[in-house]
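# Structure at a glance
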Amino acid sequence: MADQKRETPRLDQLESGPWPSFVKELKKSRKNPMTEDLLGQLERSYEDKVVHWKHGGLVGVKGYGGGVIGRYSDVAAEFPKCAEFHTMRINQPAGWFYTSTVLRKICDIWEKHGSGITNMHGSTGDVILLGTTTPELEPTFQELTAAGFDLGGSGSAMRTPSCCCGMSRCEWALYDTMALTHDLTMTFQDEMHRPAFPYKFKIKCSGCPNDCVASIARADMSIIGTWRDDIRIDQDAVRAYVAAGTFDMSADVVDRCPTRCMHWDGKKLGIDDSNCVKCMHCINAMPKALRPGTDRGAVILIGSKAPIMGGALLSSVIVPFLKIETPYDDIKEVTQAIWDLWAEHGKNRERVGEFIQRIGLGSFLEQIGLEPCPEMVMQPRTNPYIFYEDESENAEG
Amino acid sequence: MSDQVTVDEVADAMFELVSECYGKKNLKPMDVTKAMIQKFGEDKCSKQLCKEAIRKLMDSGRTIYSYVGGSYMTLPPPAAK
Amino acid sequence: MAVETKERRTDIGPPHYEQFLPPVIKKNYGKWKYHEIVKPGVLLTVAESGDKLYSVRAATPRLMSIESIRLFADIADEFCGGFLRFTSRNNVEFLLTDESKIDPLIARLKKEGYPVGGMGPSITNIVHTQGWVHCHSAASDASGVVKALMDELFPHFEKMDLPGKLRIAFACCLNMCGAVHCSDIAILGVHTRLPVVSHAKLGSMCEIPTTVASCPTGAIRPATVDGKPSVEVIAEQCMFCSNCFTVCPAISLSDAEKDGCSIWVGGKVSNARQEPMFSKLAIPYLPNNPPRWPEVVAAVKNLVEVYAKHARKFERMGEWIGRVGWPKFFELTGIPFTKYHIDDFTHAGESFKRSAHLRQKKGE
């Protein structure tokens with residue numbers, strides 16, 4: 001009876017069509033009874049139009065407070081093999097690079113201990129191993145660590161940092177995103193594995209303002225590459241782009257510059273770099289002709305998050321420019337200062353962006369030891385509700 | 001220096017607090033840390049000491065982390081009566 | 001030879017990425033000169049040294065069987081020395097230096113069901129959440145909607161025929177594990193029915209102060225029901241965010257008939273041209289209609305087509321709407337504007353039109 005093949009008439013309709021089918025993927029692993037029952041339960045959700053998973057709060061590997069997401073079926077009597085179907089988050093190598101050998105190693109471990117179903121990758125960046133039972137967690141963990149892998153973050157902790165492919169493949173990488181991500185991940189293993197914060201804290205490293213890992217929307221700390229000197233121009237290559245006719249230089253590039261700091265006279269492209277905000281548009285349009293400058297670093301922004309619970313936020317500037325150099329002491333110091341403050345004074349389940357909104361950015365900066373500067377705001381305040389402090393008292397103190 | 005409390009003393013006091021609150025109140029590691037600093041005094045008990053005590057409790061399995069929308073410290077299921 | 005050790009290893013972190021980089025990347029790391037998309041799904045990156053790296057990008061369904069990952073490993077061995085990577089949008093990329101192997105690789109991937117594309121002004125993989133496959137709070141499935149959508153939008157994956165990049169994201173509830181709030185088009189699973197409280201269980205399963213504090217609008221207050229401590233929900237104040245359920249499993253919002261999807265437009269994360277922006281509400285509610293969600297697919301397809309027809313080169317969805325104005329957007333898409341489109345949450349007033357700058361229509 002345990003080996004019965006589940007009928008899945010609704011899911012079967014998602015096997016056809018040009019896009020790769022997740023149903024085909026599930027069926028490729030259906031020889032595993034857990035996955036067979038997962039197919040059955042998913043078909044049931046398609047019939048009932050509701051989810052059939054329950055919370056699971058108490059699962060993990062010894063000593064860690066994260067990396068495992070507990071999941072239990074609410075129709076376990078009918079689908080006993082997926083009654084427990086926990087997820088393991090495995091910290092990905094920076095930049096999501098693999099060799100065939102190491103991928104096979106992960107597959108072998110997951111074939112032995114879990115459903116054989118994965119996500120490559122989860123939203124935060126980890127390799128997601130979907131579906132195993134409580135007794136399998138510790139053996140899976142031990143085999144993973146033997147193979148050189150560790151669990152990622154979950155819960156009220158630093159979440160697995162992630163980054164774009166940076167210098168490994170992109171000429172726009174304005175700092176070494178993979179090196180920084182790996183270093184921060186190694187430095188903050190304790191903060192990732194042993195939740196001690198009010199809520200989650202995500203770090204994402206993007207090599208340039210195109211922000212391919214969406215750090216400005218999805219990371220509590222967004223580290224976005226930028227530069228300070230002039231865009232390097234190859235005028236011959238500019239003219240070659242114009243001659244090729246794939247875009248209209250005036251309408252599609254010069255007029256789209258957000259600060260209108262470019263001019264084009266039909267032969268020569270000029271840029272007033274002092275007014276350039278490093279948006280990347282002209283460089284994106286002409287990668288062979290324009291290159292970012294060579295005095296490079298990053299903008300540090302803080303506080304982005306999804307809506308729950310005070311509303312969605314984008315990260316905002318706290319350090320307008322920072323050189324990103326090993327051993328990255330500046331970034332680590334500011335990160336630690338933020339954590340110390342927020343861990344002590346943040347409310348339960350309050351993200352750092354919400355915490356800043358509650359206590360005020362001015363007060364936040366003061367307490368983590370950063371000077372306010374005009375780059376941090378769109379404009380100064382327009383309301384006169386100012387919390388003046390008694391300066392004379394401060395002077396005496 | 002001599003009147004500094006030990007990691008084990010803090011861990012035992014933490015365990016007591018977590019046991020008292022079991023099933024009544026979810027405690028975050030920071031709640032427990034703040035309670036210990038209050039109990040022993042700032043001069044005798046630091047955040048770092050509390051961190052070590054929590055790690056000791058977790059590594060030994062006397063307490064475990066739970067997750068209910070956020071991360072908390074609690075007792076492992078068999079101890080729950 | 002593996003040395004057996006009893007010592008339990010913890011906090012070792014991820015393996016160092018360097019061991020997974022192909023020789024051409026190791027040699028030219030940080031020394032790339034320029035890149036170009038030589039054809040859909042094929043990126044050429046040229047180094048200062050003159051070395052060339054080709055990345056061939058293929059679609060995946062994100063939910064992958066280990067059998068398929070092993071297939072990718074075999075393909076990587078056959079075509080590119082075993083080196084591959086994944087992208088932030090769940091595509092797989094094969095990394096090669098031998099130009100002559102590109103077309104056979106593309107053919108092989110297509111034969112196996114993983115077509116190549118998703119670069120430049122196109123629609124690439126939809127980032128999405130777990131849905132009914134693995135989430136407890138999903139208001140809709142994710143993989144199924146995404147599969148149905150991408151089957152329909154597939155020509156825009158294989159070709160680069162759009163004005164600019166069009167990034168689509170799907171999240172199955174307001175928790176937004178996929179952080180869809182800055183996408184050109186976002187589909188968001190929504191509950192629309194009041195939470196049902198299981199008073200008999202709540203006292204033992206949930207901590208009441210935490211549950212009360214979880215509500216962004218203060219709609220939950222402690223109550224004693226049938227002599228047991230529990231909570232009550234003030235109906236008028238509930239906006240169905242499901243945060244109470246996240247901290248308290250004794251509260252449920254799932255509803256077979258009233259859960260569904262909302263559609264949002266005009267967000268982006270890139271700094272190119274205009275600053276990053278949030279997605280804005282386009283369609284407040286469409287029903288869940290598995291297995292292929294025809295209402296959602298038709299609505300998204302309409303948005304893509306209207307954008308493709310009217311936006312200028314390089315313009316993202318939000319930039320195009322910003323240029324022509326929201327009234328024009330609703331007119332061109334035929335989407336009705338309702339009271340739900342007007343913000344009434346904390347900073348609602350910031351979105352009200354406070355000027356006479358309006359594109360008036362000439363009298364008919």
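Data block above holds the structure.
All of the points below concern the structure found in this document. Bear in mind the structure is a predicted one, so any value in this text is a computation, not a measurement.

Nonpolar side chains tend toward joint burial in soluble globular proteins. With 114 residues, the main nonpolar core has Tyr98, Ile223 and Ile338 of chain A together with Phe94 of chain C as its most contacted residues. Among the elements that make up this core, the one with the highest residue count is helix α2 (residues 66–80) of chain C (eight residues). The two domains that each donate at least three residues to this core are domain 1 (9–146) and domain 2 (162–227 + 296–392) of chain A. When near neighbours in sequence (up to four residues on either side) are disregarded, Tyr98 of chain A contacts Gln92, Pro93, Leu103, Ile106, Met120, His121 and Val127 of chain A together with Phe20, Gly82, Phe83, Leu84 and Phe86 of chain C. Core analysis: the next-biggest nonpolar cluster, separate from the first, contains 67 residues, Cys82 of chain A together with Leu153, Ile263 and Val304 of chain C among them.

As a further point, take the interface of chain B and chain A. Contact residues are listed per partner, giving 19 residues for chain B and 21 residues for chain A. A combined buried area of about 1,700 Å² lies between chain B and chain A, and 49% of that area is made up of carbon and sulfur atoms. For chain B, the biggest contributors to the area lost against chain A are Lys28, Tyr65 and Tyr67 of chain B; these three give 30% of the whole. Of the charged contacts in the structure, one is a salt bridge between Glu191 of chain A and Lys51 of chain B, with a shortest N-O distance of 3.6 Å. Here chain B is connected to chain A by six residue pairs in polar contact (both at pLDDT 80 or more). For the side of chain B that touches chain A, the elements supplying multiple residues, two or more each, are α2 (29–40), α3 (47–60), β1 (64–67) and β2 (71–74) of chain B. No other element matches the five residues that α3 of chain B contributes to the side of chain B that touches chain A. Classifying every residue of the side of chain B that touches chain A gives eight nonpolar, five polar and six charged.

Scanning all chains against the criterion turns up 25 aromatic pairs over all chains. On the basis of an interplanar angle of 45 degrees and a centroid distance of 5.7 Å, the ring pair of Phe201 of chain A and Trp342 of chain A is categorised as tilted. With Phe201 of chain A in the loop between α7 (189–193) and β9 (203–206) and Trp342 of chain A in helix α12 (residues 329–345), the pair connects residues that are 141 residues apart, well separated along the chain. Trp342 of chain A gets classed as buried once you look at its relative accessible area, which sits at 0%. Consider the rings of Phe72 of chain C and Phe94 of chain C, whose centres lie 5.9 Å apart with planes at 90 degrees: the pair is edge-to-face. Note that Phe72 of chain C is positioned in helix α2 and Phe94 of chain C in strand β6 (residues 92–96), a separation of 22 residues in sequence. The same class applies to Phe72 of chain C and to Phe94 of chain C, which are both buried. Ring pairs connect the aromatic residues Phe188, Phe197, Phe201, Trp339 and Trp342 of chain A, which therefore count as one cluster. The residue whose ring lies beneath Arg85 of chain C is Phe97 of chain A, and the NZ or CZ to ring-centre distance is 5.2 Å.

With that settled, the discussion passes to a nonpolar patch on the surface. A surface patch of nonpolar side chains, amounting to about 300 Å² of accessible area, comprises Phe337, Ile342 and Phe352 of chain C. You can see Phe337 of chain C is positioned in the segment after α11 (326–333).

With that out of the way, let us pick up helix α3 (residues 33–48) of chain A. Along its 16 residues, α3 of chain A runs 22 Å from first to last C-alpha, staying within 8% of the 22 Å computed at 1.5 Å per residue. When you tally the buried positions in α3 of chain A, you get 12 out of 16 residues, the bulk of the element. Residues of α3 of chain A that are buried include every one of Met34, Thr35, Glu36, Asp37, Leu38, Leu39, Gly40, Gln41, Leu42, Glu43, Ser45 and Tyr46 of chain A, and no others. Taken together, the buried residues of α3 of chain A touch α1 (9–12), α2 (22–28), β1 (53–54), β3 (72–73) and β6 (117–120) of chain A together with α4 (143–153) of chain C. You can read the cap of α3 of chain A off the contacts: a side-chain oxygen lies 2.8 Å from the backbone nitrogen of Met34 of chain A, and it is on Asn32 of chain A. One or two steps after α3 of chain A, the chain reaches Lys49 of chain A, where phi turns positive at roughly 60 degrees.

With 119 residues of chain A at the contact, the number on the chain C side is 115 residues. In this assembly, chain A packs against chain C so that about 10,300 Å² is buried in total across both faces, 60% of it on carbon and sulfur atoms. By the criterion of area lost to chain C, the three top residues of chain A are Trp19, Lys49 and Arg169 of chain A, representing 10% of everything that side buries. Linking chain A to chain C there are 11 salt bridges. At the boundary of chain A with chain C, the tally comes to 71 residue pairs in polar contact (both at pLDDT 80 or more).

Strand pairing in a sheet relies on backbone hydrogen bonds. The paired strands run either parallel or antiparallel. Residues and elements named next belong to chain A. Read across the sheet, five strands follow the order β8-β9-β10-β15-β16 without closing on themselves; strand pairing throughout is mixed. Edge positions in the open sheet fall to β8 (162–163) and β16 (316–322), since each of these has one partner strand only. Sheet topology places β8 next to β9; two bridges connect them, and they run parallel. When the sheet's bridge partners are listed, Ser162 is paired in β9 with Lys204. Sheet strands touched by α12: β9, β10 (221–227), β15 (296–302) and β16. Its angle to β10, the strand with the most contacts, is close to 150 degrees.

The final tally for this structure, using the stated rule, is 54 salt bridges over all chains. A salt bridge links Arg30 of chain A to Glu36 of chain A; the shortest N-O distance between them is 2.8 Å. In this structure, Lys39 of chain C and Asp103 of chain C form a salt bridge, with 2.5 Å as the shortest nitrogen-oxygen distance. With Lys39 of chain C in strand β1 (residues 32–39) and Asp103 of chain C in helix α3 (residues 102–112), this residue pair connects regions lying 64 residues apart in the sequence. Residue class for Lys39 of chain C comes out partly exposed when judged on its relative accessible area of 32%. A relative accessible area of 47% means that Asp103 of chain C is categorised as partly exposed.

Quick look at the state of the cysteines now. Each disulfide consists of one covalent bond between the sulfur atoms belonging to two cysteines. Applying the stated criterion across every chain, the model contains one disulfide over all chains. Here Cys206 of chain C engages in a disulfide with Cys248 of chain C; their sulfurs sit 2.1 Å apart. Disulfide Cys206 of chain C-Cys248 of chain C: the torsion about the S-S bond is 75 degrees, which places it as right-handed. Of this pair, Cys206 of chain C sits in the loop between α6 (199–205) and α7 (208–213) while Cys248 of chain C sits in the loop between α8 (243–247) and β13 (251–252), placing them 42 residues apart in sequence. A relative accessible area of 8% places Cys206 of chain C in the buried class. Taking the relative accessible area as the measure of exposure, Cys248 of chain C reaches 0% and is therefore buried. Looking at the unpaired Cys212 of chain A, the closest cysteine sulfur is the one in Cys208 of chain A, lying at 6.2 Å. Free of any disulfide, Cys172 of chain C has its nearest neighbouring cysteine sulfur in Cys135 of chain C, separated by 4.8 Å. Taking the relative accessible area as the measure of exposure, Cys172 of chain C reaches 4% and is therefore buried.

With that settled, the discussion passes to the sheet that holds strand β14 (residues 260–265) of chain C. All names here are of chain C. Read from one edge to the other, the open sheet built from five strands follows the order β7-β8-β9-β14-β15, with strand pairing classed as mixed. Only two strands of the sheet have a single partner each, and these edge strands are β7 (127–128) and β15 (280–287). In this structure, β7 lies alongside strand β8 (residues 168–171), joined through two bridges in parallel fashion. Bridging from a neighbouring strand, His128 pairs with Phe170 of β8. Across the sheet, α11 is in contact with β14 and β15; its angle to β15 comes to roughly 30 degrees.

The rules behind the values
Residues numbered from 1 in each chain as written. Chains lettered and ligands numbered in written order. Predicted model: local features only at pLDDT ≥ 70, side-chain atom pairs only at ≥ 80, totals over all residues. Heavy atoms only, no water. Core = buried A, V, L, I, M, F, W, Y, C linked by side-chain atoms within 4.5 Å. Buried < 20%, exposed > 50% of the residue type's maximum accessible area, 1.4 Å probe, protein only. Helix = DSSP H or I, 4+ residues; strand = E, 2+ residues; numbered from the N terminus. Domains from an automatic or database assignment. Contact = heavy atoms within 4.5 Å. Buried area = accessible area lost by both parts, 1.4 Å probe. Salt bridge = Lys/Arg side-chain N within 4 Å of Asp/Glu carboxyl O. Polar contact = N/O pair within 3.5 Å; in protein donor to acceptor, adjacent residues only side chain to side chain. Nonpolar A, V, L, I, M, F, W, Y, C, P; charged D, E, K, R; others polar. Phe/Tyr/Trp six-rings, centres within 6.5 Å; stacked < 30°, edge-to-face > 60°. Lys NZ or Arg CZ within 6 Å of the ring centre and 35° of its normal. Patch = residues over 30% accessible without salt bridge, like charges linked within 9 Å, V, L, I, M, F, W, Y side chains within 5 Å. Areas by Shrake-Rupley, 256 points an atom, 1.4 Å probe, with all protein chains shown as cover. Expected span 1.5 Å × (residues − 1). Pairing = 2+ DSSP bridges. Axes fitted to C-alpha atoms, helices over the stretch in contact; angles between N-to-C directions. Disulfide = S-S within 2.5 Å.

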